[in-house]
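# Structural features, examined
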Amino acid sequence: MTETIRFLDYAPAPESTAILTLRESYGLFIDGEFSDGHGESFSTISPATEKKIAQISTADASDVDRAVAAARRAYSRTWSKLSGADRGKYLFRIARLVQERARELAVAESLDNGKPIRESRDVDVPLVAAWFFYYAGWADKLDYAGVGPNPRSLGVAAQVIPWNFPLLMLAWKIAPALAAGNTVVIKPAETTPLTALIFAEILQQADLPAGVVNIITGAGDTGSLLVNHPDVNKVAFTGSTAVGRSIARSTAGSGKKLTLELGGKAANIVFDDAPMDQAIEGIVNGIFFNQGHVCCAGSRLLVQENVKDEVVDRLKARLSTLRLGDPLDKNTDIGAINSRAQLDRIRELSDIGEQEGAERWTADCEIPKTGFWFAPTIFTNVSTSHRIAREEVFGPVLSVLSFRTPAEAIAKANNTPYGLSAGIWSSNGSRVLGVADKLRAGVIWANTFNQFDPASPFGGYKESGYGREGGRHGLAAYLTSAARESLGQVAPSSAPIETPAATKKATK
Amino acid sequence: MTRLAVPKTYKLYIGGKFPRSESGRVYEITNATGEFLANAAKASRKDARDAVVAARAATGGWAGATGYNRGQVLYRIAELLEGRRAQFVAELRASESLSESAAQLQVDAAIDIWVWYAGWADKYVQVAGNGNPVSGPYFNISTPEATGVVAIIAPQESSLLGLVSVIAPALVSGNTVVVVASERAPLAAISLSEVLATSDVPGGVINVLTGSAAEIAPWLASHADVNALDLAGAGDLDGDLSWVDLQIAAAETLKRVLPPENGIPAPSVERITFFTETKTVWHTKGII
């Protein structure tokens, strides 16, 4: 499989940006309208060209106060008084508007984030619409969400989201929060605010009551002000484990309900009886999807020793056919790295990989002259103690390790403080289920990888965070009930379920 | 001539054995009127770490047992406690100065809690998990499973009932437990350990420390091999330490933390599911 395969040259097929009507500058979306922030504004650039797209406001403490106050007002005066059916209707409207403006959102996302249009068009934006559609239907069915009788909303939710799936993460956060009856202040990442601001226009078109969703932009300081605001009842964060830790610390004792979706170092385990064609595609999708900027990326490939050489050779052949370049080109497989800072981080860890003795292979592809790029890279001869086998690279870098027995594969897979996702490739169904049972990870893909669905809970074990997004589990993150309050999350009250009679007397 | 009683030596319960504290320390336990009852072991940082090691080693077997099996093991504890009802009533009367009827109520409630939670072991998965109707040719199912090692600060009041109310729910899903017993009234916890040691609970599944919660808890809160923290009885710790400090320490390893309770936690399925992780498994579907 190592012979060079000749491919036809593809003519450029760029998606037009004419569909976008962007403003030169964007304010903060607070209380239903845009207003300037009081922090220092910044520009968002295209990582593929380093050209400026728009000027973006920074929310300072007074702006965060304004946004939280607007969310609180909307919660107490409007949103909490609306029926579940009406909340659902707003969410259905949003889902439809996202579908109507899908192409525009996909182009904006690829422009601002650097991901291939093929992905933003076929994965990100369709999932955004699906997420709103799924949770829309829950809004008037909360009694069936499984959190106990008479579930109630929490209040104002503070949400901080990352740059790898900007609009999709927004949907993961906003849809369940609104369905459950909360109002929202959300902060997109500073390198990818564009689609969130276009989404604000969609909210205006949907005629969502003012203040129900407030979108504020800025960097980490703005996020910190938001999650630490005293009038916030719920904090939801997706991002790095380091920031997740600091949020867990700063919200300790505050009574704020917290869910964290953090880093990962997923093992993708390939047994010798795997369906090999699918496995090769799955490995590529697992780590090179979205340039590897995926918290659940299959960044540690564990291959059974007797098929290791075959797998690595076929991977190299396949990676040599991937097309790196203009994110807006419909033929592009690998887009731009999201920022210079992230590119530096990927380069640093890759260099460390070489210094520690791993063998580096990089796909031979032409790198554009401007912008941030990193060619697909594979490390072999990686040992479990290497930093590239332990730390999240968050880039198109795959570490290959081998194993002999299923027990060794399981031990190596679990040998990480993370526990977000894992992959298993085997044609033996019994082995798949047996290994899945023993992996300490929140999402396990068997003979597939990087599948997402609004009906399917997503979230990690251990230091990958806590709480789930998606499905009814994701809804539960935004609800409370008498049963949950008895766990000290809000005010203590009695458990509504039947309990032993003697206990009731004794605990009076 | 009256018979001279044989008093019991109270030690720790770690890994299915009854060691003294490695520190050699004890502290005096008295009843409400200040009369000497016994010396209890005063557990150290090293004892806490030993307990975590024992608990970690026991996770595979306990979490790997079937729910039906775990349910029977928990039910067996209730059976044995029932047989020792008189002993525990007498101990609670002595250590907590309870009336006969109040002590009986506590012991009965503790037994009933084991029965109630035992019944959940082969059911909570059906309540907390579900199949997911994803938009594609995939089998997709979400199931809860044990989070791992749970460190618990038991309620300070009601030494037996408080203890059982926090350890039983953590055990249902297959977690193993390191519990710091009520500091003022730890003797019932060690007597309960004697019941556990002669029941079918594998060694290391429940580890009981006595001593100062304020001294031991920070080591458990920051221990990287502890997955979750139940601060039920940490609402009013000795000295300057607050339960919030423990939650802050736990943030470093992103432990799941249950805040303090007022009084004794009521039995609830939420106490079971709080110490679980939801695992979602996708598998391709196809006709080959």
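Residues numbered from 1 in each chain as written. Chains lettered and ligands numbered in written order. Predicted model: local features only at pLDDT ≥ 70, side-chain atom pairs only at ≥ 80, totals over all residues. Heavy atoms only, no water.

The next thing to look at is the overall build of chain A. Broken down by element type, chain A carries 17 helices and 20 strands. Since a compact globule built from 508 residues should have a radius of gyration of about 23 Å, the 23 Å found for chain A is in line with a globular shape. Over its C-alpha atoms, taken along the principal directions, chain A stretches across nearly 70 × 65 × 35 Å. Looking at chain A as a whole, 62% of its 508 residues are labelled buried. Counting only carbon and sulfur atoms, one obtains 49% of the accessible surface of chain A, whose full area is about 18,400 Å². Taking the average place of the 54 positive charges on the side chains of chain A and the average place of its 56 negative ones, the gap between the two points comes to 7 Å. (Helix = DSSP H or I, 4+ residues; strand = E, 2+ residues; numbered from the N terminus. Rg over C-alpha atoms; globule rule 2.2 N^0.38 Å. Buried < 20%, exposed > 50% of the residue type's maximum accessible area, 1.4 Å probe, protein only. Areas by Shrake-Rupley, 256 points an atom, 1.4 Å probe, with all protein chains shown as cover. Lys, Arg positive; Asp, Glu negative; His and termini not counted. Charge placed at Lys NZ, Arg CZ, Asp CG, Glu CD.)

The strands making up a sheet associate through hydrogen bonds between their backbones, and the pairing can be parallel or antiparallel. All names here are of chain B. Read from one edge of the open sheet, five strands run S7-S6-S5-S8-S9, paired in parallel fashion. The open sheet terminates on both sides in strands that have one partner only, identified here as strand S7 (206-209) and strand S9 (256-258). Adjacent strand axes in the sheet meet at a mean angle of 15 degrees when their direction is disregarded. As paired elements, strand S5 (residues 149-153) and strand S8 (residues 228-230) share three bridges and run parallel to each other. Following the sheet pairing, Val-150 is matched in S8 by Ala-228. (Pairing = 2+ DSSP bridges. Axes fitted to C-alpha atoms, helices over the stretch in contact; angles between N-to-C directions.)

For helix H2 (residues 67-83) of chain B, with 17 residues, the first-to-last C-alpha span of 25 Å sits near the 24 Å given by 1.5 Å per residue. On the buried face of H2(B), the contacting elements are helix H1 (45-64), helix H3 (85-96), helix H4 (100-118), helix H5 (124-128), helix H6 (159-172) and helix H7 (187-198) of chain B. (Expected span 1.5 Å × (residues − 1). Contact = heavy atoms within 4.5 Å.)

Under the counting rule described, the total for this entry stands at 43 salt bridges over all chains. For Arg314(A), the salt bridge is made with Asp277(A), and the minimal N-O distance between the two is 2.5 Å. Of this pair, Arg314(A) sits in helix H10 (residues 308-319) while Asp277(A) sits in helix H9 (residues 276-288), and the two are 37 residues apart along the sequence. A residue is classified by how much of its surface remains accessible, and Arg314(A), at 18% relative accessible area, is buried. Among the salt bridges present, the one from Arg84(B) reaches Glu194(B), with a minimum N-O distance of 4.0 Å. Linking Arg84(B) in the loop between H2 and H3 with Glu194(B) in helix H7, this pair joins segments that are 110 residues apart in sequence. The partly exposed category is assigned to Arg84(B), whose relative accessible area is 26%. Residues participating in the shared-partner salt-bridge network are Arg23(A), Arg101(A), Glu104(A) and Glu201(A). (Salt bridge = Lys/Arg side-chain N within 4 Å of Asp/Glu carboxyl O.)

Once that is clear, we can look at the packing of H3(B) against H4(B). Residue and element names in this part refer to chain B. Contact geometry of H3 with H4 gives a least axis separation of 9 Å together with a crossing angle of 125 degrees. Considering the angle they form, H3 stands oblique to H4. For the pair H3 and H4, the sense of crossing is right-handed. Contact residues: H3 offers Arg-85, Phe-88, Val-89, Leu-92 and Arg-93, while H4 offers Glu-100, Ala-103, Gln-104, Gln-106, Val-107 and Asp-108. When its residues are assigned to classes, the contact of H3 with H4 shows five nonpolar, two polar and four charged. (Parallel < 35°, antiparallel > 145°, perpendicular 65-115°, else oblique. Left-handed = near helix turned anticlockwise from the far one by under 90°. Nonpolar A, V, L, I, M, F, W, Y, C, P; charged D, E, K, R; others polar.)

Further remarks concern the state of the cysteines. Residues and elements named next belong to chain A. This structure, assessed with the given rule, holds zero disulfides over all chains. Note on Cys-295: no disulfide assigned, nearest cysteine sulfur contributed by Cys-296 at a separation of 4.8 Å. With relative accessibility at 12%, the residue Cys-295 sits in the buried group. Residue Cys-296 is classed as buried on the basis of its relative accessible area, which comes to 1%. (Disulfide = S-S within 2.5 Å.)

With that settled, consider the sheet that holds strand S1 (residues 25-26) of chain A. All names here are of chain A. Overall, mixed pairing links the three strands, which are arranged S1-S5-S4 in an open sheet. The outermost strands of the open sheet, each flanked by one partner alone, are S1 and strand S4 (42-45). Where S1 and strand S5 (residues 52-56) come together, two bridges link them in parallel fashion. Looking at the pairing, Ser-25 lines up with Gln-55 of S5.

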